[in-house]
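Here are the chains, one letter per residue:
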Amino acid sequence: MSKKVRIHHFKEMKQRGEKITMLTAYDYPTAKAFDAAGVDMLLVGDSLGDNMLGYDSTVPLTLDEMIPFARAVSRAAERAFVVADLPFGTYEISPEQAVESSIRMMKLSGAQAIKFEGGRRIARQVKAVTDAGIPFCGHLGFTPQSENALGGRRIQGRGEQGLQDLVADALALQEAGAFAVVLEMVVAPAAAAVTKALDIPTIGIGAGPATDGQVLVWLDMAGVGEWHPRFSRQFGAVGAEMTGAAAGYVQAVKDVEFPAAEHTFDS
């Protein structure tokens, strides 16, 4: 096994131009597979809500719901660095709320860092979290928890003002102690400008190739489900394989081909 990925490795990777890899994971076997594949960071995202629990968005997800999934991923990760999201409603009220939620997630899940959404408006929360000794990863651009306020899944960073706001938010997160920033659905030139402006790494999702790393929701990456965003790429057809395997099982049972003699205990 390669050595454990630590927080300082990400800045070193940015400095030497090595791309950082990140995938979401929500359970032990999936995290185990991605860890073995060499993924640098595993994100227990609040995308758990709409991708795994069937919610219409990430908004209904609670901290109590997230913690067991983050714990399972943390137990699986021998090499990868595990980041866990704080869901909507667990950090916005005050720095004290953000620290309390972060401590709870870290203690009960074993995650190594916390992520939540926003820039300058939540910089006080980020500073409080990092002052408490908790590693923090930022999230800018399209922020799913604010989808209603943004008017839907809208691309961010367009125009001069959009670029200036994005850079200002990113610098505020860096100043508050973030070790990395996720940029979601950001026009490529703006993502490149933010990446250049920061000393800490940027991790893109729908933000072009100039970011210091990339992240995808694993179901999109592996071809599970029917909807896949334009910015994603399917590196497998896991959904079709699962359906095919289940169909084969159903047929074998119906035809009394399974269980066969080799699957049976006679004495």
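Note that the structure is predicted; figures quoted are calculated from it, not measured.

Time to look at helix H2 (residues 28–36). Buried residues of H2: Thr30, Ala31, Phe34 and Asp35, and no others. Taken down its axis, H2 places every buried residue within 130° of arc, on the same side. Of the exposed residues in H2, the ones pointing more than 90 degrees away from its buried face are Pro29 and Ala36. Looking at the packing, one finds that the buried side of H2 touches strand E1 (20–24), strand E2 (41–44), helix H4 (63–76) and helix H10 (218–222). Phi turns positive one or two residues past the end of H2, at Gly38, with a value near 95°.

It is worth spelling out the packing of helix H5 (residues 95–109) against helix H6 (residues 123–131) at this point. Interhelical geometry of H5 versus H6 gives an angle of 45° and a closest axis separation of 8 Å. Considering the angle they form, H5 stands oblique to H6. Along this stretch, H5 crosses H6, giving a crossing that reads as right-handed. Contacts between H5 and H6 pair Pro95, Ala98, Val99 and Ser102 from the former with Arg124, Gln125, Ala128 and Val129 from the latter.

This paragraph deals with the side chain of Thr130. Relative to the helices and strands, Thr130 is located in helix H6. Here Ala176 takes part through its backbone oxygen, which lies 2.7 Å from a polar atom of the side chain of Thr130. Setting aside chain neighbours within four positions, we find Thr130 in contact with Phe136, Ala176, Gly177 and Ala178.

Per the UniProt record, the feature "binding site: 3-methyl-2-oxobutanoate" (unreviewed entry) sits at Asp46, Ser47, Asp85 and Lys115. In three dimensions, the annotated residues from a span of 70 residues occupy one location, with a maximal C-alpha spread of 12.4 Å. The annotated residues contributing to the lining of the largest pocket are Asp46, Ser47, Asp85 and Lys115. Take Asp46: it is sitting in the loop between E2 and helix H3 (48–51). Setting aside chain neighbours within four positions, we find Asp46 in contact with Thr58, Leu61, Met66, Asp85, Glu117 and Gln145.

Let us look at the sheet that holds E2. Strand order around the closed barrel formed by eight strands is E1-E2-E3-E4-E5-E6-E7-E8, with parallel pairing between neighbours. Between one strand axis and the next, the sheet turns by 25° as a mean value, whatever way the strands run. Looking at chain direction, E2 and strand E3 (residues 81–85) are connected through four bridges and run parallel. Looking at E3, one finds that Leu43 is bridged to Val83. Where H4 meets the sheet, it contacts E2 and E3, and its direction lies at approximately 165° from that of E2. Where helix H8 (residues 159–176) meets the sheet, it contacts strand E5 (136–141) and strand E6 (180–184), and its direction lies at approximately 175° from that of E5.

Taken as a whole and judged by the stated rule, the model has nine salt bridges. With its nearest N and O atoms 2.6 Å apart, the salt bridge here joins Glu78 to Lys32. Residue Glu78 is located in the loop between H4 and E3, and its partner Lys32 is located in helix H2; the two are separated by 46 residues in the primary sequence. For Asp40, the salt bridge is made with Arg79, and the minimal N-O distance between the two is 3.0 Å. With Asp40 in the loop between H2 and E2 and Arg79 in the loop between H4 and E3, the pair connects residues that are 39 residues apart, well separated along the chain.

Conventions we followed
- Residues numbered from 1 in each chain as written.
- Predicted model: local features only at pLDDT ≥ 70, side-chain atom pairs only at ≥ 80, totals over all residues.
- Heavy atoms only, no water.
- Buried < 20%, exposed > 50% of the residue type's maximum accessible area, 1.4 Å probe, protein only.
- Helix = DSSP H or I, 4+ residues; strand = E, 2+ residues; numbered from the N terminus.
- Arc of directions from axis to C-beta.
- Contact = heavy atoms within 4.5 Å.
- Axes fitted to C-alpha atoms, helices over the stretch in contact; angles between N-to-C directions.
- Parallel < 35°, antiparallel > 145°, perpendicular 65-115°, else oblique.
- Left-handed = near helix turned anticlockwise from the far one by under 90°.
- Polar contact = N/O pair within 3.5 Å; in protein donor to acceptor, adjacent residues only side chain to side chain.
- UniProt positions renumbered as here; feature names shortened; annotations may be inferred.
- 1 Å grid on protein atoms, 1.4 Å probe; cavity = no way out; pocket = protein on both sides within 12 Å on 5 of 7 lines; lining within 4 Å.
- Pairing = 2+ DSSP bridges.
- Salt bridge = Lys/Arg side-chain N within 4 Å of Asp/Glu carboxyl O.

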